[in-house]
Protein chains: 2
Amino acid sequence: MIKKFKFGTPFETDAVVKSIPLESSSLPYFETDTTEGLKFTLPLSKEDAVYGLGESVRGINKRGYIYRSFCSDDPNQTEGTHSLYGAHNFIVISTKDKTFGVFFDCPSTVTFDIAFTYYDKLVISSDNTNMYVYIIDGDSIYDIIREFRIAIGMSYIPPMWAFGYTQSRWSYADRDSVRNVVKGYRDLDIPLDAVYLDIDYMERYKDFTVDEKAFGDLKVFADEMKAENIRLVPIIDAGVKIEEGYDVYEEGIKNNYFCTDKDGKPFEACVWPGMTHFPDFLNPEARLWFGEKYKILTDMGIEGFWNDMNEPAIFYSQKSVDNALKLIKEYAKEDTLTLQGFEDIKNYFGSRQNCDEDYSSIYHNTPQGKYCHKDVHNLFGYNMTRSAAAGLLKADPDKRFLLFSRASYIGMHRYSGIWTGDNFSWWSHILTELKVLPGLNMCGFLYVGADLGGFGYDCSRDLLLRWLSLGIFTPLMRNHAACATRNQECYQFEKPEDFKHIIDLRYRLIPYLYSEYMKAAKNGEMMFKPLAFEYPDDLVAKCTEDQLIVGNEIMIAPVYTQNALGRYVYLPEDMTAVRMQGGELTFTDMKKGHHFVEIPENEVVFFIRSDKAIPLCNPAKCVEELDLNTLELIGNGKEYVLYTDDGFAKDYDNPENLKTLKKQ
Amino acid sequence: MIKKFKFGTPFETDAVVKSIPLESSSLPYFETDTTEGLKFTLPLSKEDAVYGLGESVRGINKRGYIYRSFCSDDPNQTEGTHSLYGAHNFIVISTKDKTFGVFFDCPSTVTFDIAFTYYDKLVISSDNTNMYVYIIDGDSIYDIIREFRIAIGMSYIPPMWAFGYTQSRWSYADRDSVRNVVKGYRDLDIPLDAVYLDIDYMERYKDFTVDEKAFGDLKVFADEMKAENIRLVPIIDAGVKIEEGYDVYEEGIKNNYFCTDKDGKPFEACVWPGMTHFPDFLNPEARLWFGEKYKILTDMGIEGFWNDMNEPAIFYSQKSVDNALKLIKEYAKEDTLTLQGFEDIKNYFGSRQNCDEDYSSIYHNTPQGKYCHKDVHNLFGYNMTRSAAAGLLKADPDKRFLLFSRASYIGMHRYSGIWTGDNFSWWSHILTELKVLPGLNMCGFLYVGADLGGFGYDCSRDLLLRWLSLGIFTPLMRNHAACATRNQECYQFEKPEDFKHIIDLRYRLIPYLYSEYMKAAKNGEMMFKPLAFEYPDDLVAKCTEDQLIVGNEIMIAPVYTQNALGRYVYLPEDMTAVRMQGGELTFTDMKKGHHFVEIPENEVVFFIRSDKAIPLCNPAKCVEELDLNTLELIGNGKEYVLYTDDGFAKDYDNPENLKTLKKQ
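Residues numbered from 1 in each chain as written. Chains lettered and ligands numbered in written order. Predicted model: local features only at pLDDT ≥ 70, side-chain atom pairs only at ≥ 80, totals over all residues. Heavy atoms only, no water.

1. Concerning the sheet that holds strand β4 (residues 49–52) of chain B
All names here are of chain B. Taking strand neighbours across the sheet as the criterion, the five strands line up as β1-β11-β8-β7-β4 in an open arrangement whose pairing is antiparallel. Sheet topology places β1 (2–7) and β4 at the edges, where each strand pairs with a single neighbour. Going across the sheet, the axis of each strand differs from the next one's by a mean of 20°, ignoring polarity. Pairing between strand β8 (residues 99–105) and strand β11 (residues 131–137): six bridges, direction antiparallel. Each bridged residue has a counterpart across the sheet, and for Phe-103 the counterpart in β11 is Tyr-134. (Pairing = 2+ DSSP bridges. Helix = DSSP H or I, 4+ residues; strand = E, 2+ residues; numbered from the N terminus. Axes fitted to C-alpha atoms, helices over the stretch in contact; angles between N-to-C directions.)

Put into structure tokens, the structure is as follows:
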């Protein structure tokens, strides 16, 4: 049962697609305070848990911290971070007496103080007095989530090849770099399905252009790669370079498709291409126009994209540069620079990136009127990706494209996946990834994954091995690294056969992962479930935050510490441990309870629930070559409902896609 | 057996005090490469472990990362940090065939690539071709460490009151603030022994001055506090403010006691007081002079100090300011600021703090000649603290003072303790503290502790409770927080009785902790021991990095994750679990093996080894009021050797200080 409450005059975000009548009663559960912005307070007792918030740091149970929904280009994904790239205001509050969900549909900053300032209170607040609040009641936590997911619409479904292992780096700057990556993997027989093109494939970072010196005719090169079953996945950034003669820029100017300043002049900000304008993705015409540009690349054989820098990220605005010049002119008059002067200049130049002042200076021309960006900030990346999805739909209505974004808001899950942005080559970021997955699923984001091996900092062999052991279970499985960091393609490390064995296992699991993904998408379910959701009456399970149920059949418990012999695993029921060792699988039935499981860094252990079975295929060098007709059922269960389709078409609901596999 | 090898013409650091003849043979174990700087390579097999490196991030086993010994004012204590405040080049390499120690006595940067770049190699390198290398062989890891510790001299011993719980904040800016802290604790009957004075107690940050407006006559105030059994512990910073009429500045100038630039002019750099000079602590005369200044404060009744900013930290040098002015004058000539210009200015101003360029521009006048700071960098904080220790010894030869430092090098352990610098209010920093303790002990640093509750970021009630549950076992037990963070004195949070119960337990443990500290100091032993050292044949113990043996009798296993029900604990032998719940202790005998132990956030659980007993006293509001004559022995053992003394005097070797307590 979902109920809709209105405060002020909310911006219509299109997050919720189900038509829900407005309630006239006041908001239940919370104490509502409208004296200064909006504030909703709820007492929490010691045992109460709060789940959700999608892309956010910290635990699966969000208690004990302050989270701020504000799409942020901040790679510092630490315990001290309040905002990440996405803004996902859906939470489920689980108390002894009552469990219910709440969605705060508000596109500007919302703050969730979850038993941080007061150890026994949940306080949600916003300066924005205009929002819809949805209260979702249900018989179980899964019911509540399903109800919410139905209201926000079905999750994006990628092509099947996007379940393969993929390699990225900022940047493979030319054809030979890409060819070397493919050769590196193919020579060692390590599966690979795609190579990403980061910003340097463009001609001076101009969207929808290709640096022909480095990549020649991209169509020819894409075909060459396709012949090896490798897809190229280029990046698209939000900012459009200001350059006379550049058609995207000129069309945008001509048609007033760019975001403006207060006076209606296109807003100028520096990002990778230098000074740019931002397409006004909240303007439906501009959205349509920009989305259609993707066809330039699909016509060259491109079948997947990642949208980046769409919080939007701003290095500094033209206004900041102008003010900076004034500031230095002032100080340059003097013969000496005072300490105050040094500090002033340092602070000014150092505080321009993604600053509130700039976000408050951008304006959108929306069907609901002119809006200051700060009031709709969290919708920008969402609508850029919606724009891309619409363009791709138009380019080929019958085909699934790969599409994922950095910034997001609930609603965007219908159009694409996300990756969790610029993480680090840190052991703690393995666990960070594990913990974020259920929250993302709750909010509709199913096609998700982190940069395996870590984006920033240097990666070590053991870190990558351990991270891949989690990554083989995430729909998006991409190894990605920043420029100036150590090369972290699997073949760069000693004993590459260890990497092959782990990635082979991923491919063997694809029939299962793809089936579970499709079931979750079609039924409004989660693919990654906390033990707390699955075993709500088991106190230990409720507090276990380093294991997950994946799909309906298996539990994962990856190792996320360095130099570990193994790890503790809690089995909330009898399970079969599946151990991959040197490419071979062995099975051990284990009893409910606590176990210490030895897991060398080149082995993977996961667990099949007592009465379940999962299908395995043989590994192959790419998804296309998987033999999905020769499947083996493993586990003690007797059957498994498999989902298959051709991996491209949109006939998800064809009943023939589901078949029950039974043990011989 | 310790052997000394010489490369080039090393700077005499006085780290090693034992006279050891030089070996004429070549360095054993390592492959030595002198073609570019110095490089020592050792193959590592999969099972080999490397321990040590004192203050450093990551695990107890240091495998899998690159560490750089370079005293750094960098609060970012994350997995991605290569250098912390201390430089402690002692490691023990534990292989199947052979275990040995190595100390690289080199006061400039030394890099330890421990199976990071190559998964099967340890590579230690330095640009500095001048160093002593000591190889320490022994029958066990403890033998090796004892041998090394004897060579570097006995560790610093603080007064007994410094084992009390202490409160700090940047800053308690006046008498009433301090009084409120004391009242806050005393009113709730939570023990407290000292309050720290951060930089604002000084008159405009000038060392050895007191802001009389805020603190009146410090002697009077120190007496007032002393009457309540509270010590005041002021900070001393490395930089001396440039100010005409300020005696410390004028004396330093007059006698050439300050570090210089290349041309012999005092080096100028901005830190808290504005522009300062750095005393040349490598010049024995300057060291003597500065150390004697501490008497100004001891004469006011001060009995403890913390030396800070002594890497030395540099906000920016005068040279940087001069260059900055040139840079902005250049760009200010233009009508527009180019993007390149914006970046140039931003990068220049943003890269001045603690920059190599400045460290390469500072010179020391040492008995071994004029040295560029970069070649002796790691000795600066060490010698500042040595200076203080000499001054305090002169001020009162018979009395122990509290003294600890931020920057350090091996050798400084004889003069003071350290705190682990500016950490954060992060859960991961509880574990970071636990893991750093054994390495510090190996290098001689026994009086150690982290800022409990975390220095940067806001602390929550549950974080502080959990952190204190580790902190009650560390010799230095200080709650400290940065300005602009949330108040984190225990009485600021709900249900302060939970804090009282935990801190009371600390006081009950002081007879044990003080005894174990003194035994470790006198015998060259460790107070915090990895399970790997204590149970070298137990493979699980070897890899357990979130538990420690404290002293000889107990094991700790604190909770370091939020919203946890408890944690897994590995018992390498039968032990008695001691549970503190609401101030009461209960005891449970537990068997060797794996256990899941429930530990609510207001309870503490620790473990006594099967055949051991430890003494407990009753709690008191301060160390002075502990009744050390009424001790209870807990645990299954029959006796315990107690160390006691008057807590101030230096008669450590008086045989009467040791007595065997036997169970009735």
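2. Remarks on the pairing of strand β35 (residues 603–609) of chain B
All names here are of chain B. Most of β35 is tucked away, with seven of its seven residues classed as buried. Here β35 shows a buried face lined by Glu-603, Val-605, Phe-607 and Arg-609 and a second buried face lined by Val-604, Phe-606 and Ile-608. The pairing of strand β30 (residues 554–556) with β35 spans three bridges and is antiparallel. Paired with Ile-554 across the strands is Ile-608, a residue of β35. As paired elements, strand β32 (residues 575–581) and β35 share seven bridges and run antiparallel to each other. Counterpart to Thr-576 in the pairing with β35 is Ile-608. (Buried < 20%, exposed > 50% of the residue type's maximum accessible area, 1.4 Å probe, protein only.)

3. Topic: the pattern of salt bridges
Pairs can form between side chains of opposite charge whenever their charged atoms are close. Applying the stated criterion across every chain yields a total of 85 salt bridges over all chains. Between Asp-137 of chain A and Lys-98 of chain A there is a salt bridge whose closest N-O contact spans 3.5 Å. One end of the pair, Asp-137 of chain A, is in strand β11 (residues 131–137); the other, Lys-98 of chain A, is in the loop between β7 (90–94) and β8 (99–105), with 39 residues separating them in the sequence. Given a relative accessible area of 19%, Asp-137 of chain A falls into the buried group. The salt bridge involving Arg-406 of chain B is made with Asp-422 of chain B; its shortest N-O contact spans 3.5 Å. Residue Arg-406 of chain B is found in the loop between β22 (402–405) and β23 (408–409), and its partner Asp-422 of chain B is found in the loop between β24 (417–419) and α12 (428–442); the two are separated by 16 residues along the sequence. According to the relative accessible area criterion, Arg-406 of chain B is buried, its value standing at 1%. What you see here is one network of salt bridges that share partners, running through Asp-73, Asp-308, Glu-311, Arg-406 and Asp-422 of chain A. (Salt bridge = Lys/Arg side-chain N within 4 Å of Asp/Glu carboxyl O.)

4. Describing α12 of chain B
Residue and element names in this part refer to chain B. Over its 15 residues, α12 runs 23 Å from end to end, which matches the ideal 21 Å to within 8%, given 1.5 Å per residue. Most pronounced at Val-436, the bend in α12 amounts to some 30°, and the proline Pro-438 follows within four residues. Extensive coverage of α12 is indicated by the burial of 13 of its 15 residues. Once α12 finishes, Gly-444 follows within two positions and takes phi at roughly 100°, a positive value. (Expected span 1.5 Å × (residues − 1). Bend = angle between axes of the 7 residues up to and from the residue.)

5. Let's talk about the packing of helix α6 (residues 284–298) of chain A against helix α11 (residues 380–395) of chain A
Residues and elements named next belong to chain A. Orientation of α6 relative to α11, taken along the N-to-C sense of each, is 55°, at an axis distance of 7 Å. As far as their axial angle goes, α11 and α6 are oblique. For the crossing formed where α6 meets α11, the hand is right-handed. Taking contact as the criterion, the partners of Arg-287, Phe-290, Gly-291, Glu-292, Tyr-294, Lys-295 and Thr-298 in α6 are, on α11, Asn-383, Met-384, Arg-386, Ser-387, Ala-388, Gly-391, Leu-392, Lys-394 and Ala-395. Among the residues forming the contact of α6 with α11, the class breakdown is six nonpolar, five polar and five charged. (Parallel < 35°, antiparallel > 145°, perpendicular 65-115°, else oblique. Left-handed = near helix turned anticlockwise from the far one by under 90°. Contact = heavy atoms within 4.5 Å. Nonpolar A, V, L, I, M, F, W, Y, C, P; charged D, E, K, R; others polar.)

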